[in-house]
Every structure is written in structure tokens, then in C-alpha cells.
Amino acid sequence: MSTVETTLESVVIRFAGDSGDGMQLTGTQFTNAAALFGNDLATFPDFPAEIRAPIGTIAGVSGYQIHFGSTRIHTPGDQSDVLVAMNVAALKSNLKGLKKGGVIIANTDGFDAKNLRLANVPEDQNPLKDGSLSGYDLKEIDITKITRAALADSGLGTKEIDRCKNMFVLGLLYWMYQRPIENTIEFISSKFKKNQGIADANIKVLQAGWSYGETTEMFAQRYHIAPAKMEAGIYRSIMGNQATALGLIAASVKSTLPLFYGTYPITPASDVLHELSKYKNFNIKTFQAEDEIAGICSAIGAAFGGHLAITGSSGPGIALKAEAIGLATMLELPLVIVNVQRAGPSTGLPTKTEQADLLQAYYGRNGECPVVIVAAKSPADCFNMAYEACRIALDHMIPVFFLSDGYIANGAEPWRFPTSDKLQPIHIEFAGERQASDDKFMPYLRDEKLARPWALPGTKGLEHRIGGLEKQNITGNISYDPENHELMVKLRQEKVDLVANYVPEQNIDNGADSGDLLILGWGGTYGALKTATAQLISEGYSVSHAHVQYLSPFPKNLGELMSRFKKVVVPELNNGQLVKIIRDKYFVDAIAYNKIQGQPFMSIEVVNKMKEILG
Amino acid sequence: MTIETIKLTSKDFSSDQEVRWCPGCGDYSILKQVQTILPDLGRPKEEFVFISGIGCSSRFPYYMDTFGMHSIHGRATAIATGLKSTRPELSVWVITGDGDSMSIGGNHFIHMLRRNPDLNVLLFNNQIYGLTKGQYSPTSEQGKVTKSTPMGSVDYPFNPIALCLGADATFVARTLDRDPKHQQAIIKRGYEHKGTSLIEIYQNCNVFNDGAFEVFTEKGTKKQETLMMEHGKPLIFGAENEKGIKLDGFKPVIVNLADVSENELWIHDETDLAKATILSRFYDDSSVEGHFPRPFGVFYVNNNKATFDELFNNQIEHAKESYGTGDLDKLIAGRETWVVN
């Protein structure tokens, strides 16, 4: 049979199945294949909080969306072109995200009576049979049966055989999109190197999927998506949490300080710990503490001792760390606090994304307790901003928040990574030894950045005491003097404000320097806002997009930049947080645009909203 | 080159800050004993670090001319664990109280003990909240009438020594503010121990809980109410040293020395966890008929458990030996890259 080959600019595929169906692995493998081929891409893993929610139910559906193409890609796509549905529940919960006329690859075994019941489909209905999918290009395949047949002689049990199903899907899609399967074969061999039988079975089913596409007449088309025209350079694929870990390690290497990461497992921040714990040979010391508080307190101890000290968590854990962040602010020690945000409040939606911890970072402590705050805008940008957080903390002897979120933490994109010599240097100077004849050491004497000396225990002549009680300026002794307290509160604020002299000015990401509307975003919404802005500009609207990475203090030119636009809109995945601060600080009548559904913005939503605002 | 060794004195360990505990507070004695023994430990002054939480006792670091941190309530143990694991060559001390360690910091306290970092912990137990002006603490006896419990506390108290043994502590001892010599000897032993040394110090709060430990310190009762444990020696007590402890199976029994021969007595063995556990339960109210005397000294020592800081840093060294010092550029590039021209 002859297959037609069609060239496409970009494609969105959504893999959906039960939590145990291996959809995340399938998605990440496909992502690697697309990345190595040279496509630009963005991904969106979307999975339940339960490790094994009841099999076959809507609650147990795990999804992975990838958008890849020969053009620049900034979002995982508003709607998918292809939906892989391993069962009824997966189809039911993902159908509304599929384009009209899109391809559905349905595993028919997942549409039997039991699965229909588990997905709460009325008894006499079956979407594969009742015509309800007539508006789509439905491909029915009994993947379970084919997988079992392929592995009949493998000697494996049914359970183990059924776990290979996802490889069939991957093989089939590799065929459809003309991607080589060699890298995945290599991956499987290395992952199961201690269990040859399982490795062989997975590879066999992967090849069966490929052959199925080639030999059956079900798929009349194959697609070609050319490599994207991207800036020249060497690329790799990177996920946000991975990039965060690499940024922290890079700061440790560049500052020549060993890194200490004190933390407690929490979704979606745990992968930072997992990643860091692999690199002990880089002098990376990870400490899984008994709780969130011990996570940050151990880091404070490490900072006192002269390490690059970091704690990491998500919103609920940050709440527990609040008092210790106050201590670090009083101690004026360098400390980086990583917050991979998730939907709250309380336990909220642990696996869903949100940007609702900005005010927590700004104000979430007792007393006047200002800190520096930076935020990453994309998976790869986690590297830059994690590095920046460390640089600022060390240069200014100050606690710094690094904000990421579940969406960019788990999302992947191609990254034109820097070589280490291109990273901004970080110079560390500890206070030196003193002799008895020298003047007494003053632990709170400040330099031009208002930073105090970093005086390590073990250094002769520097014996001094620090603590959470208010300090006398310069001497660091306990002081209840009213004027001194006011002075110290102001100094700690000024110390944060001065950081603005050491960070880049705010740029306009896309669009003119002035105009009708400025879209002012921050954090993980970057891709959606960038895509929306490009579309609006192409339709002739006077719209520009600026994305803030330094949130406390803001870049010095931010106020002036906003003043060049008639309207400023602040789209956020929260109930209006940055917009509050912008209004407060700049007295700008900024418009809030909010989505609070645990899901990222779709670019089309943004486009429509901006048109509405432009009137 | 000549290396000059200057003999330090207790004065070298006194900071210029005025000591602000209430006159008559037991804390003064502990401060004095620590300042007395530090010069004898043969260590440069800059290697000592004192970390405290919140409470009267936690003001301690301000009075020591060493490195120090007066941190937040209950967290000194966690901060000290972070410091010691990153700077194992330092001598790190934790100063805490019964509220700080047993109440708000209870979690960090037990986890420190199970991990066993090489820290010296001085637990000032005055069985009351002093700094907040007199509420009952987790070691106050049941029925304690305080500002927050006008009808008496209904809480059962913790038995700190039993708690520490339960958390697999490797050095557990008890001493008294009013016995400077004993205190000095025990603190020195704690310092020498590799691993977390936990020393409970009965400390009188003469303002909010005066006389809590009177029976163990006053001349008239001290000898019958205290049991001074010494490794390898029989457990003997009493006004005339006329009584002893014997083990009847697992059951301790008080005997008159006149009635038994000395080799029938319980010989204290610091390395025996089962026996230490029984001794930790000598915790009766001294008004109860037939109660056991309160033991002082070292309950238990385990020298066979590696310290957390050792294990933690060994992994780093091992990783460097196995994989070589990391190459940042290789790490950033990862395993799979592609080139765009």
C-alpha cells in the first residue's frame, strides 16, 4: 500500500491513559525523539495526585501533551491534533481538548463493559460504536491483544506483558511522524539492563507498533515535520526541575562553594532533590530532613558554615518555613528558597499549576521582612533564574526566593545551553582572620551593597553571636533601642532595593516600545503570552509583551516602561497578585486577567481577552 | 617557625555582654561550668559554636565569646545538624530547654538523636516555661498549678531520658546545676563522645518553679534520693550508703546492703541499653512510698554507631572517588545534544 506523505508545520499530540499505562514515559520518549530531530517543542504533563487512583476511572487518567514543529513553539498547544486514548476514561476526559476532525487512536480493549462502567458511561452507550465520534478520524486498535500476541512466547506473565502496551503506541507514532526508534531502544536497554526479558519485550512491542503502521491500511498518511529554524548552537532537551537543579549546581561550581540542599519531599518540588542527589561528586550535599522546618533550618546552619545553602518546597512547605525565612533575614546570611508553586490554598491541587504564592513570597512573614524574589519563565529559564537567585544571595548576603511552578517544572523544551565560562562570575570573600591587637570584629558592618561580612566559624578572631533578636547596627549586639530598630528595618528594605542596581533592566519581549496595550506577565505563563502577542501583532493590534523575572526588587525601568502604554494588563494564574503590587507600587491602573483552574493559559484565551480589553 | 600555644582561661570564653538571667537562676552555674572546662579541651577557641533556640537557657550563646547563634524556638537541633554536617571539624554545641526541645522542637530533637550527628546537647530542664513567665512545660508533673493551669495540669510529663533512649541516642546522661564537679565531669564526657551526647541538666528556676529539684540537692534528702551511677560500680545510695539496687530478673529491687553481699548488687554498665532503659524509668515522684532514687551520671553510651556527619560526608568523598570531580560543562550538556547550524 502506498502512504501519502504530508508536511506539517506543527503537531500537538496528547497521550492519555490510566496512571499505570506509562503515558508519562511514552510522552517523554517522544519528546526526546522530536528534540533530537531538531524540532522546537513544548510539553505539558498533566497527571493526578494519586499514584494509583482506581484503575479505569476518570480520576486515574494521566495525560502528556507535546507540541512540536518546524516553527518556534512556545506552548504545549491549546488543542491537540491527535489523541491517544488507552481507555474510555482517557477519551472522556480529553476529548474536549481535541480539534474537530482530529485523530483518535483508541485502544479498544480499554472500551470493554468494565471500562465503560468505571468511566460512568451509561449502559447502552459506547463512544466507539454509537457514532458520537463521527466528527473525528477514529482509529480503533486492540493494542492489548496485539501486545499479548507479540509477547506470547516471551515467558512473561500477563501483567508484565500488558505493561508494554505503551511501547506499541510509541512505535506507531514514531512511524507516523517518521522518527527513529533507536534512541528509545537504547533507553529501554539501559533502563532494564538488569532484566533482559523485560527489555526485550518492550523493544519487541515498540517495533510491533512501527510495523503496524507500515503494514496495515489503517494509516494512509505519514507526516513530515522539518527541524525548526532556531538560533545556531548546541541544544538539549530540558525539564524545569532539572534545569533548576543544574542552575544551582552551576552556581555552586562557579562560586567554588559546596552546595547544601535541605528539604522535605513535596509535589512538585521533589524532582529538584532527586536531581541534586545524583551529583554528590560535585560537592552537592542533599539532606532530606524530618520536616519542612528542619529543611530550611539545616540550610541556615550550612549557610552559617559557609556553604551555598538552599531549601526547596512548594506552597504548603513554604508556609512552614516562614519563621525561619525571617531568621535568615535577621541573620543576613545568603539563602535560596526554591518554591515550585502548585494550586492552593492548603493542600489544594498538588499536581496542578498556579502562580498564587507571589504574595506569600512578598509578605508571608511576621514583621517587616523583605526578601529578594526572582521567577523563571520557562523550563530552560529555570537554569538562569536559579543561578541568578544564588548569585544575588551570595553577593548581597540575603535570602532570595526562586519561584517556579508545576507547569514549567514538569514541562520540557529545547535548550541552547550555555558553556560554563559564559556564566556571570560569583566572587566569594569570607571575612579574614584577626589578631588580638586588631579592632574588634563588627559582624554587621556593611559594604556598598549593605551586605555584612560572611564570618565563618573556625576563623580566628571572628568569634561573634548572631540571632533572631533585633541587632544593633554594626556591632550585631542585641538592641531594644527604638531608633535602632527603625534603622534596621529600613536598612533591610534598602538592602533589597539596592539589588535593582545589579540586575538587568526590563526588556520588551515582543512588540513596540510603546503602544495601546502592554501585556505584563511573570513566571510560567511566558509561552502562552508570547504566542498570543505574536498573533495579536500579526493581526495588526498595537500590543507588546514584557515578562518580569525580577519581582523584588523590580527592574529600575519598569515604571517608565509601563508608562509608554495606554493600557497595562497583567495576566496571571491566580486571583490577582502581581497586579496588586504593580498598582500599589506604580499607581498604574493595571487590569487584572486571571485564570484559576489549575491549568495553564491557552493562547487563544489570551488573544480573545486582549481583543476584548482593546475594545 | 614556632607554634605558640596560648593557654586559654575561662575568661577567654566570657563575652562582653552582661548576663541577664534572674539572680539565683541555675543557668549561671551551667555557664560557669562550661566556661571552666572549655579551656581544658585543647581546642582553639574559634572552633567552638554554640547554637540555641528560644527560652531562658537559649540566651546562653550571647554570654560565650565563641561563635554562636540564638535561633528560633525549637530549631537549634536542626540548625546545628546543618552546620555540623557541612563543617564536621567544628565543635558544635546545642543549648536547649525542656520547652524548646521536648515541646516545640520535639520532632527535630528525636530525629537528631536517631541520626547521631556529633553534637553536644545541654538540655536545661527546669520543668517550667520561664521566659513566658510561668506556664507548665512538657516535663512539669501532672497536677502542676501554673498561670495557664489554675486547676492543675492534666498533661502527663515526658521522661526525657527514656525518650532519648527510645530515639536511639548514643550518649545519655543526667546531672544537676547544684553539683558543679559532677556537671563538669559529665559535660567533658559528653564532649569526648563521638555522636550526639545528650545531657539533661536539672536546673532550678527560682522564680517560677523554685525547689523543683530540692530533694536531689539539699543535704537532708540528697543522699537518699539520688543514685550516682558510675560505670563498673554497684548501684548504692542512702544517707549512710546503706542501700543498693539489685536486679531480680528484669525487676529492680531496693535492698539493704546488710542483707545482701556486694556481688549480688546491680553493677552499672553504661553500654547495656536494656539496663539503661530500666534505670531511665527510675522516675517516680519522691513522695510515693517505695520509690526509687533518681539516677545521675551516664545512663548509656554507644560507641559503635557511626555519626551522621561522617556518613554524610563519606558519601561525598566516595562519589568523588568513583566518578571524579564533576565537570560542569558535561553536566549542563547532558547525554543527548543536537546541533542547529
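Above this text you will find the structure in question.
In this text the structure is predicted, and so the values were computed from the model without any measurement.

1. Examining the sheet that holds strand S11 (residues 243-248) of chain B
Residues and elements named next belong to chain B.
Then comes step 1: Ordered by their spatial adjacency, 3 strands build an open sheet running S10-S11-S12, and the pairing between neighbours is antiparallel. If you trace the sheet from one side to the other, it starts and ends with strand S10 (236-237) and strand S12 (251-256), each paired once.
Then comes step 2: Sheet topology note: the S10/S11 ladder contains 2 bridges and is antiparallel. Across the sheet, Phe-237 pairs through a bridge with Lys-243, a residue of S11.

2. Examining the packing of helix H4 (residues 143-150) of chain A against helix H6 (residues 165-176) of chain A
All names here are of chain A.
Then comes step 1: For the pair H4 and H6, the least separation of the axes is 9 Å and the interaxial angle reads 100 degrees. Taken as axis vectors, H4 and H6 run roughly perpendicular relative to one another. Contact residues: H4 offers Ile-143, Thr-144, Ile-146 and Thr-147, while H6 offers Lys-165, Phe-168 and Val-169.
Then comes step 2: A per-class count over the contact of H4 with H6 returns 4 nonpolar, 2 polar and 1 charged.

3. Observations regarding the pairing of strand S15 (residues 399-405) of chain A
Residues and elements named next belong to chain A.
Then comes step 1: Within S15, 7 of the 7 residues are buried, which leaves the element mostly enclosed by the surrounding structure.
Then comes step 2: Here S15 shows two buried faces, one formed by Pro-399, Phe-401, Leu-403 and Asp-405 and the other by Val-400, Phe-402 and Ser-404.
Then comes step 3: Here strand S13 (residues 335-341) pairs with S15 via 7 bridges, running parallel. Counted as the bridge partner of Gln-341 is Asp-405 from S15.
Then comes step 4: In this sheet, S15 lies alongside strand S14 (residues 372-375) in parallel orientation, the contact comprising 4 bridges. For Ile-373, the partnering residue across the bridge sits in S15 and is Phe-401.
Then comes step 5: Tracing the backbone out of S14, into helix H14 (residues 381-396) and back to the parallel element S15 gives a crossover that is right-handed.

4. Concerning the sheet that holds strand S16 (residues 412-416) of chain A
Hydrogen bonding along the main chain pairs the strands of a sheet, whether they run parallel or antiparallel.
Then comes step 1: Strand order across the open sheet formed by 3 strands is S16(A)-S9(A)-S14(B), with antiparallel pairing between neighbours. The open sheet has two edge strands with one neighbour each: S16 of chain A together with strand S14 (338-340) of chain B. If you compare each strand with its neighbour and ignore which way they point, the axes differ by 40 degrees on average.
Then comes step 2: In the sheet, strand S9 (residues 233-239) of chain A pairs with S14 of chain B via 3 bridges, with the strands oriented antiparallel. Looking at S14 of chain B, one finds that Ile-234 of chain A is bridged to Val-339 of chain B.
Then comes step 3: The strands touched by helix H1 (residues 23-37) of chain A within the sheet are S9 and S16 of chain A together with S14 of chain B, with S9 of chain A carrying the most contacts at an inclination of about 170 degrees.

5. Description of the nonpolar core
Then comes step 1: Counting 187 residues, the largest nonpolar core has Ile-300, Val-400 and Phe-402 of chain A together with Val-172 of chain B as its most contacted members.
Then comes step 2: When residues of this core are assigned to their parent elements, the largest contribution, 10 residues, is made by H14 of chain A.
Then comes step 3: With residues near it in sequence (within four places) discarded, Val-172 of chain B still touches Ile-161, Cys-164, Leu-165, Leu-198, Ala-276, Phe-299 and Tyr-300 of chain B.
Then comes step 4: Counting residues in hydrophobic clusters, the runner-up holds 58 residues, among them Val-84, Ile-105, Met-176 and Ile-203 of chain A.

6. Overview of the interface of chain A and chain B
Then comes step 1: Residue-level contacts link 57 residues of chain A with 51 residues of chain B.
Then comes step 2: Elements supplying a minimum of two residues to the side of chain A that touches chain B: H1, S9, helix H9 (240-255), strand S10 (259-263), strand S11 (284-288), helix H11 (292-304), helix H12 (315-331) and strand S17 (465-467) of chain A.
Then comes step 3: Across the side of chain A that touches chain B, the residue classes tally to 29 nonpolar, 18 polar and 10 charged.
Then comes step 4: Bridge count between S17 of chain A and strand S2 (residues 67-70) of chain B: 3 bridges; the pairing is parallel. If you follow Arg-465 of chain A over to S2 of chain B, its bridge partner there is Gly-68 of chain B.

The rules we used
- Residues numbered from 1 in each chain as written.
- Chains lettered and ligands numbered in written order.
- Predicted model: local features only at pLDDT ≥ 70, side-chain atom pairs only at ≥ 80, totals over all residues.
- Pairing = 2+ DSSP bridges.
- Helix = DSSP H or I, 4+ residues; strand = E, 2+ residues; numbered from the N terminus.
- Axes fitted to C-alpha atoms, helices over the stretch in contact; angles between N-to-C directions.
- Parallel < 35°, antiparallel > 145°, perpendicular 65-115°, else oblique.
- Contact = placed C-beta atoms within 7 Å.
- Nonpolar A, V, L, I, M, F, W, Y, C, P; charged D, E, K, R; others polar.
- Buried ≥ 20, exposed ≤ 12 C-beta atoms within 10 Å, placed from the backbone.
- Right-handed = clockwise from strand over helix to strand, strands pointing away.
- Core = buried A, V, L, I, M, F, W, Y, C linked by C-beta atoms within 7 Å.

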